[in-house]
Amino acid sequence: MRSTGIRRTFVALGVGALTLTACGSDGDEAAGGKTRITVNCMPPKSAKVDRQFFEEDIAAFEKRNPDIDVVPHDAFPCQDPKTFDAKLAGGQMEDVFYTYFTDARHVVDINQAADLTPYIKELKSYDTLQQQLRDIYTVDGKVYGIPRTGYSMGLIYHRELFEKAGLDPDRPPTTWDEVRDAAKKIAALGDGTVGYADYSAQNQGGWHFTAELYSRGGDVVSADGEKATIDTPEGHAVLRTLHDMRWKDRSMGSRQLLVINDVQQMMGAGKLGMYLAAPDNIPILVKEKGAAYQDIAIAPMPGGRATLIGGDGYMVSRKASPEQIRAGLKWLDHMFLTPGDGFLGDYARARKNGAPVGLPEPRLFTGTADARDQRAKKAHANVPVENYRSFLAGNQSLEMKIEPPHAQQLYSVLDGVVSAVLTKEDADIDRLLEDASGKIDGILARS
């Protein structure tokens, strides 16, 4: 799933709505013998500031690389699942194209991605990128893509409600038992206040079930990708906790079948104590839902075992020439992969234009590159970074796990499980997990 659950947003610049335009290669030869590359995910004219920045960055790149002509295409979403495969199969995909992490293996399997391995040494930033993110675009030892951003799930919570409930906002819950206890205390404030909320519709319930299962050390699918692994003690624990919070503690409120927008509105209105999300939810809560930055904090996933990660990157069309591959890698370095600079990393420019600077993610780099990026971010921070320290510290000990294969199909099955538990007090958890396991096994067998 996308981390916002609604739309893809550029983390540094807060890009708004984008529009879909025609795509396709304009050829690898531009006027004057230049190498031409088409690229996608450009902000539209309606997002004036972001469009201006994108164009400025491309102009600066072309000035530094006069032998390369970059032809950008705008689109919303940056990748439309309804047209993605058709564009690939029809040869209409850009030379350098945007993908979600979960697309990498699929694009390779249908033979639509260029093997970047012979050229990867030319990408200056590659060795500075986090290994687990690089691994997502590495298939059978070959590199087929470059990560651009990454997110991990955590526990977003409302500091003011914690204080009102007698909880220490500087010591957020670290276990699911602590989440349950905190939720009861917050719900006891009354006046429609909900302690903890969760999604259970539009595949988002399945997404969160997966994140909660990961947090307890479980998994959705076996390592070989052939069998469901949800009918386990960890899977039962996820559902039992949700059931008991909903029906015994009454800390999740009576309104269910929620999706991310519902939960964000509750948090923004100061009526929700906690929910699971990534840090990029925070500016949405403030700019669109009425919250204040000082009241919103994020902690690592409860449970202490693992967290679900996602994100995006770029791949290169298998039809691209060697010259286009080299040009595309240079463009990625310039636009997205230089610490403290470029479209996503120019924090001074972002702050000047009112975008949030100082959120704990994306954290793409390692070592000295990460330190340089963090220094630049800290120097221009305009949000309360102290509210995110526990998230950053706690993530260091968690396993980072990507979404399961065929995620959306599996989430559709798991949605029914979560919604049943949250809407039926007598839901049979054993039966629900047994039935869902059979459906998932069927999906995996057909893949």
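The structure displayed is predicted, hence computed values, not measured ones.

Concerning the layout of surface pockets
The computed volume of the second largest pocket comes to approximately 440 Å³. Among the elements of the structure, helix H1 (48–64), helix H11 (322–336) and helix H14 (367–379) are those that each provide at least two residues to the lining of the second largest pocket. The biggest single contributor to the lining of the second largest pocket is H1, with 5 residues. For the lining of the second largest pocket, the class distribution of residues is 5 nonpolar, 6 polar and 11 charged.

Focus on helix H17 (residues 429–446)
Taking 1.5 Å of rise per residue, 18 residues should cover 26 Å, and H17 covers 26 Å from first to last C-alpha, within 8% of that figure. Looking at the buried side of H17, the elements it contacts are helix H7 (204–215), helix H8 (233–247) and helix H16 (407–423). A distance of 3.2 Å separates the backbone nitrogen of Asp430 from a side-chain oxygen at the start of H17, and that oxygen is part of Asp428.

A look at the packing of aromatic side chains
Overall, the coordinates contain 13 aromatic pairs when judged by the stated rule. Here the aromatic rings of Tyr98 and Tyr100 are separated by 5.6 Å at their centres, their planes lie at 80°, and the arrangement is edge-to-face. Accessibility classification places Tyr98 together with Tyr100 in one group, the buried group. Through pairs of rings, three or more aromatic residues link up here, namely Phe54, Tyr98, Tyr100, Tyr314, Trp331, Phe336 and Phe343. Across the ring face of Phe336, the terminal group of Arg148 is positioned such that the distance to the ring centre comes to 5.1 Å. Here the guanidinium or amino end of Arg349 rests over the ring plane of Phe53, the centre of that ring lying 4.2 Å away.

Let's talk about unusual backbone geometry
In this chain, Glu361 is followed by Pro362 through a cis amide linkage whose omega measures 5°. Assignment of secondary structure puts Pro362 in the loop between helix H13 (347–352) and H14. Positive phi, close to 60°, is recorded for Asn111, a residue that is not glycine. Tracing the chain through its elements places Asn111 in the loop between helix H3 (104–109) and helix H4 (131–136).

Describing the packing of H7 against H8
Their axes nearest at 9 Å, the elements H7 and H8 cross at an angle of 115°. The way H7 lies across H8 gives a crossing that is right-handed. Contact residues: H7 offers Phe209, Glu212 and Leu213, while H8 offers Glu234, Gly235, Val238, Leu239 and Leu242. Considered class by class, the residues forming the contact of H7 with H8 number 5 nonpolar, 1 polar and 2 charged.

A closer look at the confidence of the model for the chain
For the chain, per-residue confidence averages 92 on the pLDDT scale, and 93% of positions sit at 70 or higher. For residues 5–26, every residue scores under 50 in pLDDT, and the model assigns this stretch 79 contacts once sequence neighbours within four places are set aside.

Focus: a negative patch on the surface
Judged by side-chain charge, Asp231, Glu425, Asp426, Asp428, Asp430 and Glu434 come together as a negatively charged surface patch. Looking at the secondary structure, you find Asp428 in the loop between H16 and H17. Exposure remark for Asp428: the relative accessible area of 45% places this residue in the partly exposed category.

Overview of the nonpolar core
Within the largest apolar cluster, 78 residues are counted, with the highest numbers of intra-cluster contacts made by Ile156, Tyr196, Phe209, Ile230, Met274 and Tyr275. The element contributing the most residues to this core is H16, with 10 residues. Dropping the residues within four chain positions of it, Ile230 is found in contact with Phe209, Leu213, Asp219, Val220, Gly235, Leu414, Leu433, Ala436, Ser437 and Ile440. Of all hydrophobic cores here, the second largest spans 55 residues; its members include Phe61, Tyr98, Ile120 and Val139.

Quick word on the pattern of salt bridges
Overall, the coordinates contain 23 salt bridges when judged by the stated rule. Residue Arg180 pairs with Asp249 through a salt bridge whose shortest N-O separation is 2.6 Å. Taken together, the residues Arg180 in helix H6 (residues 176–187) and Asp249 in the loop between H8 and helix H9 (260–268) connect sequence positions 69 residues apart. Here Arg180 falls in the partly exposed class, since its relative accessible area comes to 22%. Classification of Asp249 by relative accessible area gives buried; the value is 17%. Between Asp370 and Arg363 there is a salt bridge, with its nearest N and O atoms 3.0 Å apart. Exposure remark for Arg363: the relative accessible area of 27% places this residue in the partly exposed category. Put simply, Arg180, Arg240, Asp244, Lys248 and Asp249 are held in one network by salt bridges that share partners.

About the criteria used
Residues numbered from 1 in each chain as written. Predicted model: local features only at pLDDT ≥ 70, side-chain atom pairs only at ≥ 80, totals over all residues. Heavy atoms only, no water. 1 Å grid on protein atoms, 1.4 Å probe; cavity = no way out; pocket = protein on both sides within 12 Å on 5 of 7 lines; lining within 4 Å. Points joined across faces, edges and corners; volume = space filled by probe spheres on them. Helix = DSSP H or I, 4+ residues; strand = E, 2+ residues; numbered from the N terminus. Nonpolar A, V, L, I, M, F, W, Y, C, P; charged D, E, K, R; others polar. Expected span 1.5 Å × (residues − 1). Contact = heavy atoms within 4.5 Å. Polar contact = N/O pair within 3.5 Å; in protein donor to acceptor, adjacent residues only side chain to side chain. Phe/Tyr/Trp six-rings, centres within 6.5 Å; stacked < 30°, edge-to-face > 60°. Buried < 20%, exposed > 50% of the residue type's maximum accessible area, 1.4 Å probe, protein only. Lys NZ or Arg CZ within 6 Å of the ring centre and 35° of its normal. Axes fitted to C-alpha atoms, helices over the stretch in contact; angles between N-to-C directions. Left-handed = near helix turned anticlockwise from the far one by under 90°. pLDDT = per-residue confidence, 0-100. Patch = residues over 30% accessible without salt bridge, like charges linked within 9 Å, V, L, I, M, F, W, Y side chains within 5 Å. Areas by Shrake-Rupley, 256 points an atom, 1.4 Å probe, with all protein chains shown as cover. Salt bridge = Lys/Arg side-chain N within 4 Å of Asp/Glu carboxyl O. Lys, Arg positive; Asp, Glu negative; His and termini not counted. Charge placed at Lys NZ, Arg CZ, Asp CG, Glu CD. Core = buried A, V, L, I, M, F, W, Y, C linked by side-chain atoms within 4.5 Å.

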